Amino acid sequence: MAIILGIESSCDETAAALVSSDGRILAHRLATQEEEHRPYGGVVPELAARAHVEKLGPLIEGALADAELSLADVDAIAATAGPGLIGGVIVGLVTAKALAHGAGKPLIAVNHLEGHALSPRLADQTLAYPYMLLLVSGGHCQILKVEGVGRYKRLATTIDDAAGEAFDKTAKLLKLGFPGGPAVEKAARTGDPKAVPLPRPLVGTSEPHFSFAGLKSAVMRAAQSGQYKPEDIAASFQQAVVDCLIDRTKRALQASGDVTALVVAGGVAANASVRAALEKLAGEHKLGFVAPPLWLCTDNAAMIGWAGAERFALGLTDPLDVMARPRWPLDPDADKVRGAGVKA
Ligand code: KG4
Ligand code: ZN
């Protein structure tokens, strides 16, 4: 059994965790930077990088203390090496390199998206490859067939915004606060999902891609019209996103459905309506359904430690001069999508 120290710093969460190769989370600590970024209504990269520098050391020490371990007991050190805000990624990766060098331990450079993609196997040890993954976060909205560690077939991506980004922008438009996803979900609880007519972009098209820019514009027009209550807009928006996610995932399952389970990961997977609709879809396709617990859906270091454990078991470690990468697609062979913007 191996013990992996995981480090995460790619966006606005600083985190450290200790995970064992048999799937136990020995310790996990996380410091959110919500307060630092709240005045700006979004993540400010420079502030994020500075906050990671301040918070990471104590979090690693704290996680080791919680697990009653020292660095000498750790078998490898895994850190997010991208994709993400490059200043933050560098802070975590350089810290991991220094610890690996100092303690004479192997380094594992983890793709943050692989952390999300494999997190369901940490949540459910019986989950076998291949599985269909809906990866929905603030920066990404993809459907991937996960065939094994490092083996991802991207079936769909967004041609503009990510689902979490749409939640965040809607929260901003409706002045619901930051971070946006949980704020929209909370407001939607008391709203009517049928109150506001909103589009379902790309629903029904043969390729299972996503688009949320038109939905965002429609939300803006609804908000500016003064005709609707914010909670009704929030509920109608959330329903539109759920309908898009379900239609597109259904299409992916039809195209490539020889999988063991339907799995959801990434921050938007914390949304109860999204989870419930996907569970129903999995049932209709007679597939198992796995959604990690909420804290494991949003950014954390346990998923990075676990991806590190899966890599370590296969002998996959990295040299100390491995580079941080602002962009790093899980499936580099995926076709470019017409209309796709900067998001991988
Ligand atoms: O995976 P994550 O923590 O960070 C990225 O790698 O992007 O995802 C953050 C995203 C944000 O856009 C946030 O608004 C969204 O996940 N999110 C939610 C919920 N909780 C977080 N979206 C909808 N409902 C939620 N409950
Ligand atoms: Zn993430």
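How each quantity is defined
- Residues numbered from 1 in each chain as written.
- Chains lettered and ligands numbered in written order.
- Predicted model: local features only at pLDDT ≥ 70, side-chain atom pairs only at ≥ 80, totals over all residues.
- Heavy atoms only, no water.
- Near = heavy atom within 4 Å.
- Polar contact = N/O pair within 3.5 Å; in protein donor to acceptor, adjacent residues only side chain to side chain.
- Areas by Shrake-Rupley, 256 points an atom, 1.4 Å probe, with all protein chains shown as cover.
- Helix = DSSP H or I, 4+ residues; strand = E, 2+ residues; numbered from the N terminus.
- Nonpolar A, V, L, I, M, F, W, Y, C, P; charged D, E, K, R; others polar.
- Domains from an automatic or database assignment.
- Axes fitted to C-alpha atoms, helices over the stretch in contact; angles between N-to-C directions.
- Parallel < 35°, antiparallel > 145°, perpendicular 65-115°, else oblique.
- Contact = heavy atoms within 4.5 Å.
- Donors = N, O, S within 2.8 Å, 3.2 Å for Na, K, Ca; no water.
- Buried < 20%, exposed > 50% of the residue type's maximum accessible area, 1.4 Å probe, protein only.
- Phe/Tyr/Trp six-rings, centres within 6.5 Å; stacked < 30°, edge-to-face > 60°.
- Core = buried A, V, L, I, M, F, W, Y, C linked by side-chain atoms within 4.5 Å.
- Left-handed = near helix turned anticlockwise from the far one by under 90°.
- Buried area = accessible area lost by both parts, 1.4 Å probe.

## A closer look at the site of ligand 1
- The environment of ligand 1 is made up of 19 residues, and the closest members are G138, D168, G181, E185 and D299.
- Residue G138 places a main-chain N or O atom 2.8 Å away from an oxygen atom belonging to ligand 1.
- The separation between an oxygen atom of ligand 1 and a polar main-chain atom of G267 is 3.1 Å.
- Coverage of ligand 1 by the protein chains reaches 88% of its 550 Å² of free accessible surface.
- Those elements that provide at least two residues to the shell around ligand 1 are helix 4 (112-123), helix 5 (163-173) and helix 6 (180-188).
- Here the shell around ligand 1 is built from residues that sort into five nonpolar, eleven polar and three charged.
- Looking at which domains feed residues into the shell around ligand 1, each of domain 1 (3-117 + 296-313) and domain 2 (127-294) supplies at least three.

## Details of the packing of helix 5 against helix 8 (residues 230-256)
- Contact pair helix 5 / helix 8: the axes reach a minimum separation of 11 Å and the direction vectors enclose 170°. In terms of orientation, helix 5 and helix 8 fall into the roughly antiparallel class. Residues A166, F167 and T170 of helix 5 form the contact with helix 8, whose participating residues are F237, Q238 and V241.
- The residue makeup of the contact of helix 5 with helix 8, split by class, is four nonpolar, two polar and no charged.

## Overview of the coordination of the zinc ion (ligand 2)
- Protein coordination at the zinc ion (ligand 2): the donors are H112 (NE2), H116 (NE2) and D299 (OD), at 2.0 to 2.2 Å from the metal.
- Residue classification places H112 among the buried residues on the basis of a relative accessible area of 7%.
- Judged by its relative accessible area of 16%, D299 falls in the buried class.

## What to know about the packing of aromatic side chains
- For the structure on display, the rule yields three aromatic pairs.
- On the numbers, 5.8 Å between centres and 10° between planes, the contact of Y129 with Y131 is stacked.
- For Y131, a relative accessible area of 0% corresponds to the buried category.
- A centroid spacing of 6.1 Å and a plane angle of 15° characterise the contact between F210 and F212, whose relative ring orientation is stacked. Assigned by exposure class, F210 and F212 land together as buried.

## A word on the nonpolar core
- In terms of nonpolar packing, the biggest core is built from 48 residues, with F212, F237 and L245 touching the most fellow members.
- Take this core: its biggest share by element is twelve residues, from helix 8.
- For L245, the contacting residues outside a window of four places in its chain are L134, V136, C141, F210, F212 and V274.
- Grouped together as the second largest cluster of nonpolar side chains are 34 residues, A76, A78, L144 and A261 included.

## Overview of the packing of helix 5 against helix 7 (residues 213-225)
- At a minimum axis distance of 10 Å, the contact between helix 5 and helix 7 shows a crossing angle of 10°. Judged on the interaxial angle alone, helix 7 and helix 5 are roughly parallel. For the pair helix 5 and helix 7, the sense of crossing is right-handed. Along the contact surface, helix 5 presents K169, T170 and L173, while helix 7 presents K216, V219 and M220.
- Its residues assigned to classes, the contact of helix 5 with helix 7 comprises three nonpolar, one polar and two charged.

## Some details on the domain arrangement of the protein chain
- As assigned here, the protein chain comprises domain 1 (3-117 + 296-313) and domain 2 (127-294).
- One C-alpha centre belongs to domain 1, the other to domain 2; they are set 26 Å apart.
- On the domain 2 side, the residues contacting the 18 residues of domain 1 number 20 residues.
- Roughly 1600 Å² of surface becomes buried between domain 1 and domain 2 when both sides are summed, with 65% attributable to carbon and sulfur atoms.
- Taken as a group, L113, A117 and C297 account for 36% of the area that domain 1 buries against domain 2, more than any other trio of residues on that side.
- On inspection of domain 1 and its partner domain 2, the count reaches eleven residue pairs in polar contact (both at pLDDT 80 or more).
- Mapped onto the side of domain 1 that touches domain 2, the elements with two or more residues apiece are helix 1 (34-37), helix 4, helix 10 (294-297) and helix 11 (302-313).
- Classifying every residue of the side of domain 1 that touches domain 2 by side-chain character gives seven nonpolar, five polar and six charged.

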